[in-house]
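# Remarks on the overall topology
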Amino acid sequence: MEKRSTRLKIVLDLAVRKEEAALKQLQRAQQLLHQEREKERQLQQYMQDYQTQLQQQQQGNLHIQSYLNLQNFMAQLGQAMTQQQNQITQAEKQVAACLASWRQLHEKKKGMQEHIEKCRQQEQVEQDKQEQKLIDEFSQRRNRF
């Protein structure tokens, strides 16, 4: 009959696969968050560039229509920045959820590893007792003859 620690190896392998899948999902979520933050940085840079352009044009002759167009565009850019911040918030929540899932699966795998090690130790103790019993029996038989 197969030892318990050997039979539990199948469960451990499944736990390892689940943990690896959760880690990949966490990495994808972190990558998405990084991309969303990069988009936000670019939008902020655009906003600064247009604010600088507006300030420069205010010092010179600026037509009212150009000024209004620039203001409207900056307002749209502000809305895009707000939407981007919402995207970042969602991405942060996704990272947090993935991290929690990975931690849970990691702890489960770690617990399974510890349980298997305890089983192995117990099996070794039982095997040692069995061997000692056989040695004792052999020694007693030898002393009888």
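Now for a look at the structure at hand.

Quick notes on the rules
- By convention here, each chain's residues receive numbers from 1 onward along its written sequence.
- The model is predicted, so local features are restricted to residues of pLDDT at least 70 and side-chain atom pairs to those at 80 or more, both for listing and for counting; the totals for chains, interfaces and linings are taken over all residues.
- The side-chain quantities take in all heavy atoms of the structure and omit both hydrogens and water.
- Elements are defined by DSSP. Helices are runs of H or I of four residues or more, strands are runs of E of two residues or more, and each kind is numbered from the N terminus.
- With the radius of gyration taken over C-alpha atoms, the globule rule is written as 2.2 Å times the number of residues to the power 0.38.
- Residue burial is assigned from relative accessible area. The probe radius is 1.4 Å, only protein chains are included, and a residue is buried under 20% of its type maximum, exposed over 50%, and partly exposed in between.
- By the convention used here, residues are in contact when the closest approach between their heavy atoms is within 4.5 Å.
- Note on areas: Shrake-Rupley, 1.4 Å probe, and residue coverage restricted to the protein chains presented here.
- Neither His nor the chain ends contribute to the count of charged residues, in which Lys and Arg are positive and Asp and Glu negative.
- We put the charge of a Lys on NZ, of an Arg on CZ, of an Asp on CG and of a Glu on CD.
- For every element, the axis is a line fit to its C-alpha atoms; helices are fit only across the contacting stretch, and the angle between N-to-C directions ranges from 0 to 180 degrees.
- Our angle categories are set so that under 35 degrees counts as roughly parallel, over 145 as roughly antiparallel, 65 to 115 as roughly perpendicular, and the remainder as oblique.
- By convention the crossing between two helices is left-handed if the near helix lies anticlockwise of the far one by an angle smaller than a right angle, and right-handed if it lies clockwise.
- Polarity classes work like this: nonpolar for Ala, Val, Leu, Ile, Met, Phe, Trp, Tyr, Cys and Pro, charged for Asp, Glu, Lys and Arg, and polar for all others, with Gly in that last group.
- In this text, buried Ala, Val, Leu, Ile, Met, Phe, Trp, Tyr and Cys residues form a nonpolar core when linked through side-chain atoms within 4.5 Å.
- Contacts described as polar in this section are N or O atom pairs within 3.5 Å, which, within protein, must combine one atom able to donate a hydrogen with one able to accept it, while residues neighboring in sequence count only if both atoms come from side chains.
- Any Lys or Arg side-chain nitrogen located within 4 Å of an Asp or Glu carboxyl oxygen qualifies as a salt bridge.

## So, the overall build of the chain
When helices and strands are counted, the chain shows two helices and zero strands. For a compact globule of 145 residues, the expected C-alpha radius of gyration is about 15 Å, and the chain comes in at 33 Å, more than 25% above that figure. The proportion of buried residues among the 145 residues of the chain is 20%. The long-range share in the chain, meaning contacts at least 24 apart out of those at least 6 apart in sequence, stands at 86%. Here the chain displays about 11,500 Å² of accessible surface, and carbon together with sulfur accounts for 49% of that area. The chain carries 23 positive and 18 negative side-chain charges, and their two centres are separated by 5 Å.

## A few points about the packing of helix H1 (residues 4-59) against helix H2 (residues 64-144)
Where H1 contacts H2, the axes come no closer than 7 Å and their chain directions differ by 165 degrees. When the interaxial angle is binned, H1 and H2 end up roughly antiparallel. Seen from above, H1 lies across H2 with left-handed handedness. Across the contact of H1 with H2, the residue classes tally to 32 nonpolar, 17 polar and twelve charged.

## Describing the nonpolar core
Within the largest apolar cluster, ten residues are counted, these being Ala22, Leu26, Ala29, Leu33, Ile88, Ala91, Val95, Cys98, Trp102 and Leu105. Broken down by secondary-structure element, the contributors of at least two residues to this core are H1 and H2. The biggest single contributor to this core is H2, with six residues.

## Description of the side chain of Gln84
Among the secondary structure elements, Gln84 is positioned in helix H2. Polar contacts involving the side chain of Gln84 include one to the side chain of Glu36, which spans 2.5 Å.

## So, the side chain of Glu19
In this structure, Glu19 sits in helix H1. Not counting residues up to four positions away in its chain, the partners in contact with Glu19 are Trp102, Leu105, His106 and Lys109.

## Some remarks on the pattern of salt bridges
Throughout the structure, instances matching the rule amount to six salt bridges. A salt bridge links Glu36 to Lys39, with the shortest nitrogen-to-oxygen separation between them at 3.8 Å. With Glu36 and Lys39 both in helix H1, this residue pair falls three residues apart, about one helical turn. Looking at Lys39, the relative accessible area reads 42%, which means it is partly exposed. Residue Arg120 pairs with Glu117 through a salt bridge whose shortest N-O separation is 3.7 Å. Here Arg120 and its partner Glu117 are both found in helix H2, three residues apart, which amounts to about one turn of the helix.

## Remarks on the environment of Leu14
Secondary-structure assignment places Leu14 in helix H1. Considering only alpha carbons, one finds Leu14 and Ile88, 74 residues apart in sequence, at a separation of 33 Å.

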